[in-house]
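Read off the chains here:
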Amino acid sequence: MTQASTINLRPLRVGVVGVGVMGSNHARVLAGLPGAELAGVADPDAKQAEFVARALNCAAVPDIEGLLGLGVDAITIAAPTHLHREVALAAIARGVHVLVEKPIASTVEEGREIIDAARHAGVTLMVGHVERFNPAVEAIKDAIRGEDILSIAITRVGPFPPRMSNVGVVIDLAVHDIDLIRWFTDSDIIEVQPQLSSAVAEREDIALLQFRTASGVLAHINTNWLTPFKARNVTVATRRKYVMGDLLTRQVTECFGFQPDGSYSMRHLSVGHAEPLRSELLAFLQAINTGTPPAVTGEQGVASLEIAIQCLTTSSHQPAVARRASVVV
Ligand SMILES: NC(=O)c1ccc[n+]([C@@H]2O[C@H](COP(=O)([O-])OP(=O)(O)OC[C@H]3O[C@@H](n4cnc5c(N)ncnc54)[C@H](O)[C@@H]3O)[C@@H](O)[C@H]2O)c1
């Protein structure tokens with residue numbers, strides 16, 4: 001009997017590492033997911049860990065060792081990104097399946113270390129690029145399947161997050177869209193033209209990023225933390241269609257049937273209602289149970305991180321203070 005079919009006999013015991021903003025959502029969803037049993041949550045912030053554990057009726061422990069001690073089959077990691085490698089390697093060393101939040105790690109090297117360890121141990125490794133499971137994104141992907149994609153433009157803007165981490169908008173936000181561009185085009189990004197600026201924060205808080213994929217698609221990401229409201233919009237131009245999606249309202253529209261006189265038809269596409277995080281975690285459980293590659297692999301997570309880091313290293317990013325000084329001079 002295979003390991004997968006053995007695990008199938010009972011719900012998977014899953015733990016969550018880091019129950020801040022994202023991890024508490026992981027725990028909430030896992031607590032109600034068929035095929036899963038939320039075994040416990042790990043967080044050094046005891047008050048937060050106990051608050052979540054009490055609400056969801058599971059154990060609270062301070063760290064990954066405590067969680068592994070509860071006997072878990074799988075964990076999801078939503079601790080700060082600089083801890084992803086350390087936590088993932090500890091779990092993988094014990095044969096535990098891992099879903100790690102995006103970005104997979106702080107560096108490409110650390111991401112590859114996690115991939116190698118998971119492959120060696122034969123455990124499932126999935127990366128939490130949750131936007132892939134947004135029903136609006138799925139509708140866009142369906143609409144452009146088989147089409148000759150020409151260009152993609154993505155806007156992901158909003159106000160500053162309540163608590164600043166030590167990363168800027170490229171690693172925090174644009175990495176979602178880099179993954180979407182690679183996924184929509186089924187192609188790698190081979191050219192990067194980034195423009196970054198820091199208007200308020202120390203790290204970049206505005207980024208305009210342009211890309212070319214190996215398949216010849218031009219793509220553009222507009223992201224910042226200086227917009228008073230959240231917006232997440234995707235447009236895809238193909239030779240025969242123009243598809244527009246709002247990832248927040250989940251409205252997806254396509255223009256098609258272009259005529260020589262400039263007229264065309266337009267229709268709203270049907271979009272599902274599933275919670276993206278629920279679909280993502282179900283996909284993680286399914287990959288574990290079937291032993292098939294997960295919907296978002298470690299390699300895909302590293303590829304998107306690599307492009308994000310390339311945006312940071314190839315940009316002539318000038319901090320706002322220096323820019324203001326140069327204006328005065
Ligand atoms: N997929 C998405 O859309 C999305 C959205 C937000 C955050 N994230 C990712 O999730 C991760 C967490 O982000 P967040 O915004 O929830 O951060 P957060 O600061 O709200 O939460 C992090 C939690 O981890 C805990 N923690 C710190 N050290 C720990 C350790 N050694 N072991 C266990 N827990 C520890 C903290 O006490 C805190 O409660 C990051 O990697 C981030 O990039 C992804």
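Remember, predicted model here, so these are calculated numbers, not experimental data. (Residues numbered from 1 in each chain as written. Predicted model: local features only at pLDDT ≥ 70, side-chain atom pairs only at ≥ 80, totals over all residues.)

Participant: Give me the lowdown on the site of the ligand, citing residues and values where you can.
Facilitator: Near the ligand there are 22 residues, and of these Gly 18, Gly 20, Val 21, Met 22 and Glu 101 occur at the shortest range. Here the shell around the ligand takes three residues from helix H2 (residues 21-31), the largest share from any one element. Partitioning the shell around the ligand into residue classes produces 11 nonpolar, six polar and five charged. (Near = placed C-beta within 6 Å. Helix = DSSP H or I, 4+ residues; strand = E, 2+ residues; numbered from the N terminus. Nonpolar A, V, L, I, M, F, W, Y, C, P; charged D, E, K, R; others polar.)

Participant: Can you explain the UniProt feature "domain: Gfo/Idh/MocA-like oxidoreductase N-terminal" (unreviewed entry) in the protein? Please cite residues and give values.
Facilitator: Here, the residues flagged by UniProt with the feature "domain: Gfo/Idh/MocA-like oxidoreductase N-terminal" (unreviewed entry) are residues 12-129. Helix makes up 44% of residues 12-129 and strand makes up 25%, while its end C-alpha atoms are separated by 22 Å. (UniProt positions renumbered as here; feature names shortened; annotations may be inferred.)

Participant: Give me the domain arrangement of the protein: which residues, what numbers.
Facilitator: Examined at the domain level, the protein breaks down into domain 1 (3-123) and domain 2 (132-277 + 308-322). Here the C-alpha centre of domain 2 lies 29 Å away from the C-alpha centre of domain 1. Taken together, the seven residues of domain 1 in the interface contact eight residues of domain 2. Here the residues of the side of domain 1 that touches domain 2 are counted per class, giving four nonpolar, two polar and one charged. (Domains from an automatic or database assignment. Contact = placed C-beta atoms within 7 Å.)

Participant: Explain the pairing of strand E11 (residues 231-238) residue by residue, including any values.
Facilitator: Note: strand E7 (residues 149-157) against E11, eight bridges, orientation antiparallel. Its bridge partner lying in E11, Ile 149 is registered against Thr 238. From the end of E11 to the start of strand E12 (residues 241-246), which pair antiparallel, there are two residues. (Pairing = 2+ DSSP bridges.)

Participant: Talk me through the environment of Val 175; I want residue IDs and the actual numbers.
Facilitator: By the element assignment, Val 175 lies in helix H8 (residues 169-185). Contact partners of Val 175, with chain neighbours within four places excluded, come to Lys 102, Pro 103, Ser 304, Leu 305 and Ala 308.

Participant: So, the nonpolar core: which residues are in play, and what are the values?
Facilitator: Counting 92 residues, the largest nonpolar core has Val 17, Val 41, Ile 75, Val 98 and Ala 174 as its most contacted members. Residue contributions to this core peak at 10 residues, all from H8. For this core, the domains that each give at least three residues are domain 1 (3-123) and domain 2 (132-277 + 308-322). (Core = buried A, V, L, I, M, F, W, Y, C linked by C-beta atoms within 7 Å. Buried ≥ 20, exposed ≤ 12 C-beta atoms within 10 Å, placed from the backbone.)

Participant: Run through the pairing of strand E6 (residues 125-128), naming residues and quoting values.
Facilitator: Put simply, side chains in a regular strand alternate between the two faces of the sheet. The side-chain alternation of E6 yields two buried faces, one formed by Leu 125 and Val 127 and the other by Met 126 and Gly 128. Examined bridge by bridge, strand E5 (residues 97-101) and E6 share four bridges and lie parallel to one another. Note on E6: the bridge partner recorded for Val 98 is Leu 125. For the handedness criterion, the β-α-β arrangement of E5, helix H6 (residues 108-121) and E6 is classed as right-handed. (Right-handed = clockwise from strand over helix to strand, strands pointing away.)

Participant: Pulling in residues and values, what's your account of the UniProt feature "domain: GFO/IDH/MocA-like oxidoreductase" (unreviewed entry) in the protein?
Facilitator: Those places that UniProt annotates as "domain: GFO/IDH/MocA-like oxidoreductase" (unreviewed entry) correspond, in this numbering, to residues 167-235. Helix makes up 25% of residues 167-235 and strand 43%, and the two end C-alpha atoms of the span are 27 Å apart.

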